[in-house]
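Take a look at the letters that make up each chain.
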Protein chains: 2
Amino acid sequence: MIRRKEEMKTYDRPQMKGGTGKAVLTDLLDASEMFGKGRLFSTITLQPGDSIGGHTHEKEAEIFYILEGEALAVDNGQEAKLKPGDVLYTGDGDSHSIANCGQQTLRFVALILYV
Amino acid sequence: MIRRKEEMKTYDRPQMKGGTGKAVLTDLLDASEMFGKGRLFSTITLQPGDSIGGHTHEKEAEIFYILEGEALAVDNGQEAKLKPGDVLYTGDGDSHSIANCGQQTLRFVALILYV
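Note on numbering: residues in each chain are counted from 1, in written sequence order. To read the labels, note that chains go from A and ligands from 1, taken in the order they are written. Thresholds applied to this predicted model are a pLDDT of at least 70 for local features of residues and 80 or more for the giving and counting of side-chain atom pairs; totals over whole chains, interfaces and linings are not thresholded and use all residues. Side-chain figures throughout are based on the complete set of non-hydrogen atoms in the structure, without hydrogens or water.

## What to know about the interface of chain B and chain A
With 36 residues of chain B in contact, the opposing surface of chain A contributes 36 residues. The term buried area refers to how much accessible surface (probe radius 1.4 Å) is lost by two components on association, counted for both of them together. Taken over both partners, the interface formed by chain B and chain A buries close to 3,300 Å², and the fraction arising from carbon and sulfur atoms is 66%. Counting the surface chain B buries against chain A, the share from its top three residues, Met 1, Phe 35 and Tyr 89 of chain B, is 20%. Throughout this description, the term salt bridge denotes a Lys or Arg side-chain nitrogen within 4 Å of a carboxyl oxygen of Asp or Glu. At the boundary of chain B and chain A, one finds 4 salt bridges. For the salt bridge of Glu 6 of chain A with Lys 83 of chain B, the shortest nitrogen-to-oxygen distance reads 3.4 Å. Whether two residues are in contact is decided by their heavy atoms: any pair within 4.5 Å suffices.

## Here's the deal with the side chain of Thr 90 of chain A
Residue and element names in this part refer to chain A. For Thr 90, the location among the structural elements is in strand S9 (residues 87-90). Within polar-contact distance, the side chain of Thr 90 engages the side chain of His 96 at 2.8 Å. For Thr 90, the residues in contact, after removing those within four places along its chain, are His 57, Glu 60, Ala 61, Glu 62, Ser 95 and His 96. Numbering of helices and strands runs from the N terminus; a helix is a DSSP stretch of H or I covering at least four residues, while a strand is a stretch of E covering at least two. Distance and chemistry together define a polar contact, namely a pair of N or O atoms within 3.5 Å, with one atom able to donate a hydrogen and the other to accept it when in protein, and with adjacent residues in sequence counting only for side-chain atoms on both sides.

## So, the environment of Ser 42 of chain A
Residue and element names in this part refer to chain A. Along the chain, the position of Ser 42 falls in strand S4 (residues 38-46). With 27 residues separating them in the primary sequence, Ser 42 and Gly 69 have C-alpha atoms 17 Å apart. With near-sequence residues (within four places) excluded, Ser 42 lies in contact with Thr 26, Asp 27, Leu 28, Phe 108, Val 109 and Ala 110. Here Asp 27 takes part through its side chain, which lies 2.8 Å from a polar atom of the side chain of Ser 42.

## Thoughts on the nonpolar core
Residues Phe 41, Tyr 65 and Leu 111 of chain A together with Phe 41, Tyr 65 and Leu 111 of chain B are the most contacted members of the largest nonpolar core, which totals 28 residues. Taken together, the elements giving at least two residues each to this core come down to strand S3 (22-29), strand S6 (60-68), S9 and strand S11 (106-114) of chain A together with strand S3 (22-29), strand S6 (60-68), strand S9 (87-90) and strand S11 (106-114) of chain B. Filtering out sequence-adjacent residues up to four positions away, Phe 41 of chain B remains in contact with Phe 41, Ile 63, Val 109 and Leu 111 of chain A together with Asp 27, Leu 28, Leu 29, Met 34, Val 109, Ala 110 and Leu 111 of chain B. Residues enter a nonpolar core if they are buried and are Ala, Val, Leu, Ile, Met, Phe, Trp, Tyr or Cys, with the set joined through side-chain atoms within 4.5 Å. Only protein chains enter the accessibility calculation, which uses a 1.4 Å probe; a residue is then buried when its area is under 20% of its type maximum, exposed when over 50%, and partly exposed in between.

## Concerning the pattern of salt bridges
Scanning the entire structure with this criterion turns up 16 salt bridges over all chains. Close ionic contact of Lys 22 of chain B with Asp 12 of chain B constitutes a salt bridge, the shortest N to O distance being 3.3 Å. With a gap of 10 residues between them, Lys 22 of chain B in strand S3 and Asp 12 of chain B in strand S2 (residues 10-14) connect regions that are remote in the sequence. The exposure class of Asp 12 of chain B is partly exposed, given its relative accessible area of 40%. Sharing partners across several salt bridges, the network here consists of Arg 4 and Glu 6 of chain A together with Lys 83 and Asp 86 of chain B.

## Quick notes on the packing of aromatic side chains
Residue and element names in this part refer to chain A. Any Phe, Tyr or Trp ring, taking Trp's six-membered ring, that has another such ring centre within 6.5 Å forms a pair; planes under 30 degrees apart are called stacked, those over 60 apart edge-to-face, and the others tilted. Here the structure, examined in full by the defined rule, presents 3 aromatic pairs over all chains. Between Phe 64 and Phe 108 the ring centres are 4.6 Å apart and the planes differ by 55°, which places this aromatic pair in the tilted class. Of this pair, Phe 64 sits in strand S6 while Phe 108 sits in strand S11; the two residues are 44 residues apart in sequence, bridging distant segments of the chain. For the pair Phe 64 and Phe 108, a shared accessibility class is recorded, and that class is buried. The ring of Tyr 11 is capped by Lys 9, whose NZ or CZ atom sits 5.2 Å from the centre of that ring. Geometrically, a lysine NZ or arginine CZ counts as sitting over a ring once it is within 6 Å of the ring centre and also within 35 degrees of the ring normal.

Shown next, in the form of structure tokens:
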């Protein structure tokens, strides 16, 4: 089955997890298409200055894969810059936040799997 | 945990599934990091003219998310061109193949989840 970019569900999450501005999500899969193995497989876009606030994942892991732009992440309390091709892996009980710290659009793939 | 692009495992799969040339895979996660929920979360790169041959997925589903380039896919026997942002969803018992039919590098994310 082919799902065209134009057909995908895209939606805003203002101040996501207490962040600034808004995150724009495009679902590559619906949670119901993940066979109970996870709940998110999406791209997330943040404009410069926008962020997703810090939060902890319980009984699940989230992977961010950076596609474009520059991110400032906090990974269990430690700051790190991320560039295209880098992965941020947030395991069960771990916390993260992510902000667009560059001048261009930040876009990444997000995958949440249950542990 | 941060995994830099340069640290990821990249490897060739010549004539993958009976295809032409080679597929170059970069693992974003190792299968052991997927909690038994799947077995692949990687990027796959095909140069012009290269392909992954037709094959069927059993007891699993594979999702291709096109990042760059132009693909000719066969989805359960039906040909379709794919462009960046499109998804090819191959469910349990379904078959697919994919070829780089363009003049530029074709790159996509591949995710395999168990059904």
